[in-house]
Amino acid sequence: MADTAVGNDQLTARSGQVEALVRQAFDDALVPGFQSGLATLAVGGFGRRELFPYSDVDIILLVECEPHSAKEREAISKFLRILWDAGLRLSHSVRTVEECCTYQEQNIELTISLLDERFLTGDVHVYQSLTARLPQFFAKQSTVLSLRLCELTRARQAKFNDTIYHLEPNIKEAPGGLRDLQVSTWLGRLDSQPAMADLSSARDFLFGLRRALHEHAKRDNNVLTFDAQDELSDDPARMMREYYRHARSVYRVCRQAIELAEERRTSLFSQFRDWRSRLSNADFTLVRDRVYLRAPLQIQQDPQLVFRLFQWIARHNVRLAIETEQRLAEFALDPRDSAQRIHWQDWIELLSLPHASLALNSMHDSGVLAAFLPEWKGIECLVMRDFYHRYTVDEHTLVTIQTLENLQEQRFRDLLEESPDAPLLRFALLLHDIGKGGTGEGHVTQSLAIAKQILSRLNTPQRDSEIIYFLIAKHLDLSAVMTSRDLNDPGTARWLADSVGTIERLKLLTLLTFADISAVNSHTMTPWRMEQLWRVYLLAYDELTRELQTERIHSTPAQTAEIAEFLEGFPTRYLRTHNAEEMKFHSELAMLSRLNSVGIDIRRQNGVYLLTLVTADKPALFAAVSGILASFGLNILKAEAFANSQGVVLDTFVFADPLRTLELNATELERLRGTIAKVIRGRMDLDQLLKNRRVVKPPGKKSGIEPRVAFNDDASQSATLIEITAQDRPGLLYDLSRALSASGCNIEVVLIDTEAHRALDVFYVTADGGKVSQQLQAKLQQSLLAACAGQLAAT
């Protein structure tokens with residue numbers, strides 16, 4: 001990365017260059033239009049002489065009174081045109097002295113920008129009238145301004161989940177970024193706060209990083225993407241860890257400044273804090289809702305005191321004072337020393353408390369977590385690039401535990417409240433990804449090995465250890481079943497039951513999966529995914545409590561003759577996943593298809609769309625419908641195909657509409673329905689439709705996904721499972737389906753999952769009424785790999 005000291009000199013130099021341009025434009029345009037009463041001020045980064053290569057140039061045209069004459073307005077327009085033509089990204093406003101010295105709730109940005117004002121050129125007397133009034137204005141409004149600034153800062157930080165540990169951080173706006181650095185300075189001026197910790201090192205690092213980002217992107221780019229990380233450093237992992245170290249310092253100081261400013265709140269809030277202070281005891285003092293150590297020098301001699309501190313936090317939902325954090329930063333111990341050892345029961349007590357996630361976050365931020373669990377250092381600030389995780393490994397881990405603590409979905413909350421082993425679940429989450437800091441074997445294997453070391457050191461009881469080992473070893477299983485197995489196949493239910501063993505472990509594993517998926521990013525646990533996970537839970541639960549039904553439907557005495565005829569020959573999974581109303585509806589679609597050759601229904605539910613299609617079976621039918629959905633830009637989440645003994649096919653597709661095309665355009669839904677009918681009847685060319693689909697750019701030059709095709713004859717009693725992993729692209733499912741159909745295979749069920757340009761497609765396929773032969777599998781391997789590469793797209 002570029003040298004930061006040189007970079008900061010360049011910021012000052014560019015500020016000087018822009019200042020010269022502004023002065024020249026002022027002389028050329030504004031002097032002829034204004035006899036007097038106009039001054040030009042630099043504010044924001046320009047005012048601080050911190051002008052980055054492509055950042056906005058913020059100026060205020062300070063006037064005695066609003067310009068009304070055509071000559072004055074034309075002069076201002078000419079001034080702005082000169083600067084725009086010079087290539088500057090100008091952000092300007094025209095303000096009177098009175099406006100600058102008046103508090104405006106809807107335009108607090110103007111007032112805050114004046115904290116960094118600097119005179120450039122123009123009428124000195126106008127500027128002096130401002131400087132004469134501005135200090136008094138800030139002194140009078142300091143409380144309301146600082147509290148409003150705190151409010152805006154907290155709202156901005158909340159948009160980033162109040163964490164610095166983003167994989168691709170916005171180094172300006174995210175917590176710990178340059179904006180927080182500025183907020184700390186602004187609050188210090190408004191409140192006359194005491195000097196904070198020295199942030200010059202963090203400032204130099206962030207300045208150099210932002211300047212390098214601008215030069216790399218040739219625009220005002222402040223997001224440190226994976227590609228940018230590769231371009232700016234030969235060792236991106238080291239650079240990112242350095243970024244998190246500096247961001248943590250900035251975030252801590254900004255929080256301290258906010259807390260000091262917020263002490264000016266109402267007396268009612270002060271009374272509440274006074275009441276809370278009664279929680280103080282012989283070890284800890286609570287002052288203004290922050291915890292202080294009564295005997296801070298004892299922490300090095302008494303590790304138990306430190307652990308009791310975090311148990312106290314977990315019990316009372318309070319936070320560490322900055323001074324306490326600084327004391328704890330010096331804390332160190334050797335957990336192998338029995339005199340310093342924290343015992344298993346200490347962990348269980350902490351993880352049983354209502355605010356355990358706050359305690360763990362506080363332990364992490366102060367460095368204590370790595371002292372108690374040295375293995376934690378392997379995942380601190382660790383970036384794992386998979387293009388859909390939002391956080392570093394350590395932050396993702398802590399968010400999983402926080403997710404359980406804040407669980408709102410009642411069905412899953414009931415599981416948590418029913419389980420006496422919730423503390424074990426939290427400890428398993430704490431260790432489930434700890435192996436990602438190693439090399440070689442998969443992270444599950446390494447996490448398990450590290451967990452065994454830790455639990456052995458803690459003298460964990462055998463039963464507790466076995467549950468934690470089970471959860472770590474199996475923590476990917478349910479999510480894999482959700483995306484790559486037919487939930488309606490009896491073999492899937494039996495495999496799940498054999499894998500989890502007991503209902504108690506099933507509940508814990510379901511909760512772990514919910515937390516793990518939810519903590520990937522704020523959008524991962526969609527309503528559809530939640531329903532899929534719940535289906536997996538119910539499927540395994542039913543299998544653990546009762547026997548499976550017969551494989552095929554041959555008798556349905558509770559149904560009408562029409563429905564019974566329609567269901568004859570369907571797999572029994574249909575009866576387990578559809579109620580009587582749905583069966584009646586499907587049989588009515590079948591009757592409609594006999595009249596119109598196809599029965600189609602499309603409806604929205606749980607935030608996604610369900611397409612139900614009934615028609616006579618024909619070659620490549622599934623591929624055709626997949627292609628139509630692709631041509632409309634729709635993302636297929638799941639698809640199933642049932643066929644009865646009369647050769648009638650019931651196909652269902654669950655799909656998302658990421659661009660909201662169907663929602664925002666009333667006619668599109670009918671056009672989609674008509675297109676499906678026309679293609680099935682042979683009245684429309686599907687290949688022509690696919691040519692008009694936009695091309696989706698992959699996420700980066702180093703993100704290519706090697707296609708893989710795997711066959712499994714054991715996953716189902718009657719079909720061969722084909723699992724395909726590939727780079728997602730428009731029409732991929734269509735090409736894969738067409739390749740299977742061209743080989744004479746019949747697609748029974750398809751499961752689709754796509755994350756950040758990575759597609760995982762699973763097909764349950766039969767050939768000649770049974771599983772696919774080894775000879776045909778060898779041919780399919782080549783044709784499917786070719787389809788992944790798009791080589792069949794034009795055939």
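Relevant structure appears above.
All residue numbers here refer to positions counted from 1 along the written sequence of the relevant chain. Only residues with pLDDT of at least 70 get local features here, since the model is predicted, and only at 80 or more are side-chain atom pairs given and counted; chain-wide, interface and lining totals rely on the full set of residues. As a rule here, side-chain values cover all heavy atoms of the structure and leave hydrogens and water aside.

Q: Quick question: what am I supposed to make of the overall build of the protein chain here?
A: Runs of E in the DSSP output that reach at least two residues are strands. Runs of H or I that reach at least four are helices, and both are numbered from the N terminus. Counting secondary structure elements, the protein chain contains 34 helices and 15 strands. Only protein chains enter the accessibility calculation, which uses a 1.4 Å probe; a residue is then buried when its area is under 20% of its type maximum, exposed when over 50%, and partly exposed in between. Each of the 795 residues in the protein chain was classed as buried or not, and the buried ones make up 54%. Residue contacts follow a heavy-atom distance rule, with two residues in contact if any of their heavy atoms lie within 4.5 Å. Of all intrachain contacts in the protein chain linking residues separated by at least 6 positions in sequence, the fraction that spans at least 24 positions is 71%. Methods summary: accessible areas were calculated by the Shrake-Rupley approach with a probe of 1.4 Å, and residue burial reflects only the protein chains presented. For the protein chain, the accessible surface area stands at approximately 34900 Å², while carbon and sulfur atoms represent 49% of it.

Q: For this particular structure, what's the right way to read the packing of aromatic side chains?
A: Aromatic rings from Phe, Tyr and Trp, taking only the six-membered ring of Trp, are treated as a pair when their centres fall within 6.5 Å; an angle between ring planes under 30 degrees marks them as stacked, one over 60 as edge-to-face, and anything in between as tilted. Within this structure, the stated rule accounts for 16 aromatic pairs. Ring centres of Y165 and Y244 lie 5.6 Å apart, and the angle between their planes is 40°; on these two criteria the pair is classed as tilted. Of this pair, Y165 sits in the loop between helix 6 (124-159) and helix 7 (178-191) while Y244 sits in helix 10 (residues 236-262), and the two are 79 residues apart along the sequence. In this pair, the class of Y165 matches that of Y244, namely buried. Ring geometry for Y537 versus Y541: centroids 5.8 Å apart, planes at 40°, classification tilted. Of the two residues, Y537 and Y541 are both situated in helix 25 (residues 527-545); the distance of four residues between them amounts to about one turn of the helix.

Q: What should I look at first to understand unusual backbone geometry in this one?
A: Glycine aside, the phi torsion of most residues is negative, and most peptide linkages are trans. The backbone phi angle of K218 is positive, close to 60°, even though this residue is not glycine. Overall, K218 belongs to the exposed group, its relative accessible area being 57%. Positive phi outside glycine occurs at C381, with the angle close to 55°. Position of C381 among the secondary structure elements: in the loop between helix 16 (368-372) and helix 17 (393-405). By relative accessible area, which is 8% here, C381 ends up buried.

Q: Would you take a moment to explain the pairing of strand 10 (residues 635-643) for this structure?
A: DSSP bridges decide pairing: two strands pair if at least two such bridges lie between them. Where strand 10 meets strand 11 (residues 648-656), eight bridges bridge the pair, whose relative direction is antiparallel. Each bridged residue has a counterpart across the sheet, and for K638 the counterpart in strand 11 is V654.

Q: Help me out: how do you make sense of the sheet that holds strand 3 (residues 90-96) in this one?
A: Sheet strands pair via backbone hydrogen bonds, and the direction of the pair is either parallel or antiparallel. Read from one edge of the open sheet, four strands run 3-2-1-4, paired in mixed fashion. Every interior strand has two partners, whereas the edge strands, strand 3 and strand 4 (118-122), have only one. Strand-to-strand, the axes of this sheet are offset by a mean angle of 25°, without reference to chain direction. Note: strand 2 (residues 57-63) against strand 3, seven bridges, orientation parallel. Axis definition: a line fitted to C-alpha atoms, over the contacting stretch in the case of helices. Angles run 0 to 180 degrees between N-to-C directions.

Q: Looking at this structure, I do not really get the pattern of salt bridges. What am I missing?
A: Oppositely charged side chains can pair when the atoms bearing their charge come close. Any Lys or Arg side-chain nitrogen located within 4 Å of an Asp or Glu carboxyl oxygen qualifies as a salt bridge. In total, this model carries 43 salt bridges according to the counting rule given. Residue D116 pairs with R189 through a salt bridge whose shortest N-O separation is 3.1 Å. On the criterion of sequence distance, the pair formed by D116 in the loop between helix 5 (108-113) and strand 4 and R189 in helix 7 is long-range, its members being 73 residues apart. Residue classification places D116 among the buried residues on the basis of a relative accessible area of 5%. Of the charged contacts in the structure, one is a salt bridge between R673 and E670, with a shortest N-O distance of 2.7 Å. Note that R673 and E670 are positioned in helix 31 (residues 666-680) at a spacing of three residues, about one turn of the helix. Classification of R673 by relative accessible area gives partly exposed; the value is 21%. Connected through salt bridges with shared partners, the residues R48, E50, D116, R189, R203 and D204 form a single ionic network.

Q: What exactly am I supposed to notice about the sheet that holds strand 6 (residues 290-293) here?
A: An order of 5-6-7 is seen for the three strands of this open sheet, with the pairing classed as mixed. Pairing within the sheet leaves two strands with one partner each, and these edge strands are strand 5 (284-287) and strand 7 (319-320). Alignment of strand 6 against strand 7, held across two bridges, turns out to be parallel. Its bridge partner lying in strand 7, V291 is registered against L320.

Q: I tried to follow the packing of helix 29 (residues 621-631) against helix 33 (residues 732-742) on my own but got confused; where do I start?
A: Two measures define how a pair of helices packs: the angle their axes make with one another and the distance between the axes. At a minimum axis separation of 8 Å, helix 29 and helix 33 run at an interaxial angle of 170°. With respect to helix 33, the element helix 29 is oriented roughly antiparallel. Judged by residue contacts, F622, A623, A624, S626 and G627 of helix 29 engage L733, Y734, S737 and R738 from helix 33. Gly is placed with the polar residues, together with every amino acid not listed as nonpolar (Ala, Val, Leu, Ile, Met, Phe, Trp, Tyr, Cys and Pro) or charged (Asp, Glu, Lys and Arg). For the contact of helix 29 with helix 33, the residue count by class is five nonpolar, three polar and one charged. Angles are sorted into four bins: roughly parallel if under 35 degrees, roughly antiparallel if over 145, roughly perpendicular if 65 to 115, and oblique for all others.

Q: What am I meant to see in the nonpolar core here?
A: What tends to happen in soluble globular proteins is that the nonpolar side chains get buried as a cluster. Core analysis: the largest hydrophobic core is formed by 89 residues, its most contacted members being F310, W347, M363 and F427. Not counting residues within four places of it along the chain, the set of residues in contact with F310 comprises L320, L328, L350, A359, S362, M363, S366 and V368. Side-chain atoms within 4.5 Å are what join buried Ala, Val, Leu, Ile, Met, Phe, Trp, Tyr and Cys residues into a set we call a nonpolar core. Counting residues in each nonpolar core, the second largest holds 51 residues, with F622, L662, I752 and V765 among its members.

Fair warning: the whole summary comes from geometry, so function is off the table for now.
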